[in-house]
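Summary of structural features
These are the residues of each chain, in order.
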Amino acid sequence: MAETNYDVVIIGGGPGGYNAAIRAGQLGLKVACVDKGIDGGSTLGGTCLNVGCMPSKALLHASEMFAAASGEFATLGIEVTPKLNLSQMMKQKAESVGALTKGIEFLFKKNKVDRFQGAGRVAGAGKVEVVAADGAVTALAAKDIVIATGSVPTGLPGVAVDQQRIVDSTGALSLPEVPGHLVVIGAGIIGLELGSVWRRLGAKVTVVEFLDRITPGMDAEMAKTFQRALTKQGIAFKLGMKVTGATASKKAVSLTYEPVAGGAAETLEADYVLLAIGRRPWTEGLGLESVGITPDKRGFIETDHWKTSAPGVWAIGDVTHGPMLAHKAEEEAVACIEAIAGKAGHVNYGVIPSVIYTSPEVAWVGKTEEELKAEGRAYKAGKFPFTANSRAKINHETEGFVKVLADAATDEVLGVHMIGPSVSEMVGEYCVAMEFRAASEDVARTCHPHPTRSEALRQAAMGVEGWTMQA
Ligand code: FAD
Ligand code: NAI
């Protein structure tokens, strides 16, 4: 029988919860993590490892290889005729995910984290109840409770997800066949990443979006370039359209939509529909009322430095405001536990990068041009296209550019926006620069290895002062 008195009990075993548990263990706190698993499963890792970041990246990688073998390889003088083995592609995805979730079990043991499997519920100040799958209840006592219960897909009236023909992201990660026609509702990150996967594997893909642009929140110039790139790959966009309903039969879905601005309704016939219009915080059955916490109108738990309105109850990750990203949850986990341990927990919310793992990739950190204009902040921009980057040219990956935005007076880097090859790996350079409040000149005068795509980051920084040398 495990102990039941803890310094910290964490509810949720995703990137917020498991990182909080590990950090608490490292700091010598007596810690337990309660997790109910995803969709009846029993593995740790939450949305990210089980049905989010990791399986989607596994399919993005595999489908990108398939697309390269189907086209780009021939340019390089490699003649192959690839044949898709979808069940093997799904199997390798499941194996990688399985290994990663086991890794967290190992880290829990290493850091002396007690794990409780079941649904956690706050049962008053300092109390958590765990209800196991067989109904057994375990009562835990804790000085501090951290809620890290994450988020679930948002529904849409008239579009009932059955995970057969009308799926959410979880269903779209495991379709049994390549759809003839996949209709995606929502031109956000999930829609475009998973739409790309199935497009590369041969599906016709149509994306229906409510707004008149894709990827709201992304710098508008990047979003336009990104949409052009995806359109070239064969993804069709219907922007400014409101979906009014979807009817699934055994083998197909009929979807109706109409212009947001008004006009005639239209119908699309699809083999599968992916609903990806955002996610909402997951707080059902959490017992928040027992400590007087009322989520806001959209269901988020409101916090101040990860503290909720109830003494000794903290919240982090997707269940709180801010970008719903694994690394944001991880940052908050560390800061929250350090605050609980009496240290100075800190998150720099201005330096949380975003990445879309399509091809080309899109990555950004800091302010967009639109945000700077709205703030009335004077800025200078430097831009560098990958067509002028020698490594990108040699590799035939010249689509995209890097844009650096810096304060007009101080030259401090305020935002960086990249679309192109491997930008997911390169945006970290600017995160470090921005954490140190670097000027664009600091990057422009830092030696970068040649030939690498990272030289584009330097050349764009040079552009802020108008001395880009290679374009
Ligand atoms: P979650 O990961 O959702 O974990 C919450 C955990 O709490 C779950 O295990 C759940 O079962 C458990 N739980 C809930 N209620 C209870 C309860 N009452 N008792 C016990 N346990 C409970 N982010 C990125 O940064 N990069 C990506 O590439 C990326 N790709 C994504 C792809 C997809 C398809 C999706 C859906 C999401 C993706 N995300 C990505 C977002 C990322 O998965 C989330 O931001 C991240 O998982 C949030 O972490 P969390 O710990 O707050 O919550
Ligand atoms: P999203 O917020 O990224 O995009 C949703 C899109 O749906 C928006 O463009 C929105 O305007 C549109 N929309 C909303 N209501 C609509 C309607 N009724 N009809 C048509 N369109 C509508 O949400 P998404 O793609 O579901 O992803 C959820 C979250 O998961 C993301 O915000 C992100 O935080 C996280 N995620 C992160 C990834 C990454 O970091 N690479 C990958 C996948 C998900």
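In this report, we go over the structure that sits alongside the text. What you see is a predicted model, and the numbers here were worked out from it, not measured in a lab.

Examining the sheet that holds strand β8 (residues 166–167)
Sheet architecture is open: five strands sit in the order β8-β15-β9-β10-β11, paired in parallel fashion. Lying at the two open borders of the sheet, with one neighbouring strand each, are β8 and β11 (235–238). Across four bridges, strand β10 (residues 204–208) lies against β11 in parallel orientation. Pairing of V208 across the sheet is with K238, part of β11. Where helix α7 (residues 189–200) meets the sheet, it contacts β9 (181–185), β10, β11 and β15 (272–275), and its direction lies at approximately 165° from that of β10.

Considering the site of ligand 2
In the region of ligand 2, 23 residues are neighbours, and I190, E209, G278, M324 and V355 sit closest. Here I190 contributes a backbone N or O atom positioned 2.9 Å from an oxygen atom of ligand 2. The side chain of E209 places a nitrogen or oxygen atom 2.6 Å from an oxygen atom of ligand 2. Out of a free accessible area of 840 Å², ligand 2 has 79% covered by protein chains. The dominant element in the shell around ligand 2, judged by the number of residues it contributes, is α7, at four residues. Within the shell around ligand 2, the residues separate by chemical class into 15 nonpolar, four polar and four charged. Summarising the domain contributions, the shell around ligand 2 has at least three residues from each of domain 1 (3–153 + 280–350) and domain 2 (166–277).

Describing the sheet that holds strand β18 (residues 354–356)
Reading across the sheet, the five strands line up as β18-β19-β22-β21-β20 and stay open at both edges, with antiparallel pairing between neighbours. The open sheet has two free edges, formed respectively by β18 and β20 (379–385), since each of these has just one partner strand. Averaged over neighbouring strand pairs, the angle between their axes works out to 10° when direction is ignored. With six bridges joining them, strand β19 (residues 361–366) and strand β22 (residues 413–420) adopt antiparallel strand pairing. Residue pairing across strands places V365 opposite V416, the latter belonging to β22. Sitting on the sheet, helix α12 (residues 423–435) touches β18, β19, β21 (401–407) and β22, and the angle it makes with β19 is about 10°.

Conventions used here
- Residues numbered from 1 in each chain as written.
- Chains lettered and ligands numbered in written order.
- Predicted model: local features only at pLDDT ≥ 70, side-chain atom pairs only at ≥ 80, totals over all residues.
- Heavy atoms only, no water.
- Pairing = 2+ DSSP bridges.
- Helix = DSSP H or I, 4+ residues; strand = E, 2+ residues; numbered from the N terminus.
- Contact = heavy atoms within 4.5 Å.
- Axes fitted to C-alpha atoms, helices over the stretch in contact; angles between N-to-C directions.
- Near = heavy atom within 4 Å.
- Polar contact = N/O pair within 3.5 Å; in protein donor to acceptor, adjacent residues only side chain to side chain.
- Areas by Shrake-Rupley, 256 points an atom, 1.4 Å probe, with all protein chains shown as cover.
- Nonpolar A, V, L, I, M, F, W, Y, C, P; charged D, E, K, R; others polar.
- Domains from an automatic or database assignment.

Bear in mind that shape data such as this cannot, by itself, settle questions of function.
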